[in-house]
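Observations on the three-dimensional arrangement
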Amino acid sequence: MTAVTTTTHTTRQTTSTTTTAPLAALAEDETRQVRRRRRLAPGKRLPATRLVGPAAVLALWSVASAAGLLDAGAIPAPWTVLETGSRLWSAGTLPDDILTSLQRAATGFSIGLTVGIVLALASGLTRTGEALIDGTVNLNRAIPTLGLIPLFILWLGIGETFKIAIIAIVVYIPIYLNTHAALSGIDSRFVELAEVQGLSKFQFIRQVVVPGALPGFFVGLRLGVTGSWLGLVVLEQINATSGLGYMMFQAQNYGQTDVILVGLVVYGIFGLISDSAVRIVERRVLSWRRTLSS
């Protein structure tokens, strides 16, 4: 009886060891695969990484200015630019110019955003809309937008209207192109699935079209935000009496390099802030996507 019990216990130990060994090997293999996948990915997102580049440029600028490697008349030191900005702010000139530029950029961007979305939906969801709209927009894209300035001045005058119109054109083109491309790139199997499920047109747009087009839309939105600032820089130096571009144009006439750099720094800050805001909204809205950046 004792021999049988001992044999049974030994058999159980052998079976347990035989069963545990493959499980341990399998777990170790899975761990290796996870580590391999982690090495291929970019890694964990670090906080405030987008500020590293500008901070490095500022540090190099400061060091070169302090060492006397830069001509102070051509490229003033950062502290000189900061002092000039503080002086312009205290005098009330800089706040008024910033407010004027923000109003122009916001108005033109809002119009361009609305037009771009509407045209993209009309062109991407209907063949008739695509035939009427897509070719016209691509023709407009082929024409340099800033080359339209003389014509728009003749049509709309030299007031605010032509500036806002040009900004709207600069904005709507990238939004339309990227949104339309995203709509056209939706997998046809999703359309077939929606038809099988019996979705209505509105349900199809809300549940399939909008989620599928959002990644491309946000790419166009970022380009549109950047385009609005780029267009504003040029427009405010043409027949303008206020704004950051006008301030820079006046500083050019008087050789005030520090004032020009103040305007460029403000443009850069607003551009970085607006692009970062779009990125934050994009990450929140598209949190369901699993991508390298997330």
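Computed from a predicted structure; not experimentally measured. (Residues numbered from 1 in each chain as written. Predicted model: local features only at pLDDT ≥ 70, side-chain atom pairs only at ≥ 80, totals over all residues. Heavy atoms only, no water.)

Re the overall build of the protein chain
Regarding its fold elements, the protein chain presents 11 helices and 0 strands. Reading the helices (α) and strands (β) of the protein chain from amino to carboxyl end gives α-α-α-α-α-α-α-α-α-α-α. Buried positions account for 32% of the 294 residues belonging to the protein chain. Contacts in the protein chain between residues at least 24 apart in sequence constitute 71% of all its contacts with a sequence separation of at least 6. Per element, the accessible surface of the protein chain, about 18,400 Å² overall, is 65% carbon and sulfur. (Helix = DSSP H or I, 4+ residues; strand = E, 2+ residues; numbered from the N terminus. Buried < 20%, exposed > 50% of the residue type's maximum accessible area, 1.4 Å probe, protein only. Contact = heavy atoms within 4.5 Å. Areas by Shrake-Rupley, 256 points an atom, 1.4 Å probe, with all protein chains shown as cover.)

Some words on the nonpolar core
Counting residues in each nonpolar core, the largest one holds 43 residues, and the members touching the most others are Leu94, Phe152, Phe162, Ile166, Phe218, Leu221 and Leu244. Of all the secondary-structure elements, those providing two or more residues to this core are helix H3 (78-91), helix H4 (93-125), helix H5 (127-142), helix H6 (149-156), helix H7 (160-184), helix H9 (201-235), helix H10 (244-253) and helix H11 (257-285). Top element by residues in this core is H7. It accounts for 11 residues. Among all residues touching Leu244, those that are not within four sequence positions of it are Leu94, Asp97, Ile98, Ser101, Glu236, Val266 and Tyr267. The next biggest cluster of nonpolar side chains, apart from the first, holds 8 residues, and it includes Ala182, Phe204, Val208 and Val209. (Core = buried A, V, L, I, M, F, W, Y, C linked by side-chain atoms within 4.5 Å.)

A look at a nonpolar patch on the surface
Among the surface-exposed residues, Leu151, Leu154, Trp155 and Leu156 lie close enough to one another that they form a single nonpolar patch of about 460 Å² accessible area. Take Leu154: it is sitting in helix H6. (Patch = residues over 30% accessible without salt bridge, like charges linked within 9 Å, V, L, I, M, F, W, Y side chains within 5 Å. Salt bridge = Lys/Arg side-chain N within 4 Å of Asp/Glu carboxyl O.)

Here's the deal with the packing of aromatic side chains
What the rule picks out here adds up to 4 aromatic pairs. Plain terms: the ring middles of Phe152 and Trp155 are 5.7 Å apart, the flat faces sit at 40° to each other, and that makes the pair tilted. In this pair, Phe152 and Trp155 both sit in helix H6, 3 residues apart, roughly one turn of the helix. Residue Phe152 is classed as buried on the basis of its relative accessible area of 12%. Overall, Trp155 belongs to the exposed group, its relative accessible area being 59%. Every member of this aromatic cluster is reached through a ring pair, and the members are Trp229, Tyr267 and Phe270. (Phe/Tyr/Trp six-rings, centres within 6.5 Å; stacked < 30°, edge-to-face > 60°.)

A closer look at the pattern of salt bridges
Within this structure, the stated rule accounts for 6 salt bridges. Where Arg189 meets Asp187, a salt bridge forms, and the shortest distance between an N and an O atom there is 2.7 Å. On the basis of relative accessible area, Arg189 is assigned to the exposed category, the value being 58%. Of the charged contacts in the structure, one is a salt bridge between Arg222 and Asp275, with a shortest N-O distance of 3.0 Å. Taken together, the positions of Arg222 in helix H9 and Asp275 in helix H11 put the pair 53 residues apart, joining distant regions of the chain. Taken together, the salt bridges that share partners define one network made up of Arg104, Glu160 and Glu236.

Some points on H11
In a regular helix each residue adds 1.5 Å, so 29 residues correspond to 42 Å; H11 covers 42 Å between its end C-alpha atoms and thus fits that length. Structurally, H11 contributes buried residues whose contacts are with helix H2 (52-66), H3, H4, H9 and H10. (Expected span 1.5 Å × (residues − 1).)

Quick look at the packing of H10 against H11
Across the interface, H10 lies against H11 with an axial gap of 8 Å and an inter-helix angle of 160°. Considering their axes alone, H10 and H11 lie roughly antiparallel with respect to each other. As for the relative orientation of H10 and H11, their crossing is left-handed in sense. For the pair formed by H10 and H11, the contact residues are Leu244, Gly245, Met247, Met248, Ala251 and Gln252 on the first element and Val259, Ile260, Gly263, Leu264, Val266 and Tyr267 on the second. Within the contact of H10 with H11, the residues separate by chemical class into 9 nonpolar, 3 polar and no charged. (Axes fitted to C-alpha atoms, helices over the stretch in contact; angles between N-to-C directions. Parallel < 35°, antiparallel > 145°, perpendicular 65-115°, else oblique. Left-handed = near helix turned anticlockwise from the far one by under 90°. Nonpolar A, V, L, I, M, F, W, Y, C, P; charged D, E, K, R; others polar.)

With respect to the confidence of the model for the protein chain
Per-residue confidence for the protein chain gives a mean pLDDT of 83, with 83% of residues at or over 70. Within the model, the stretch residues 1-8 combines pLDDT values under 50 with 0 contacts to residues more than four positions away or in other chains. Scored below 50 in pLDDT, residues 14-19 makes 0 contacts in the model with residues more than four places away or belonging to other chains. (pLDDT = per-residue confidence, 0-100.)

Some remarks on the side chain of Thr84
Inspection of the secondary structure assignment puts Thr84 in helix H3. In this view, Thr84 contacts Asp258, Val259 and Val262; residues no more than four positions away in its chain are not counted.

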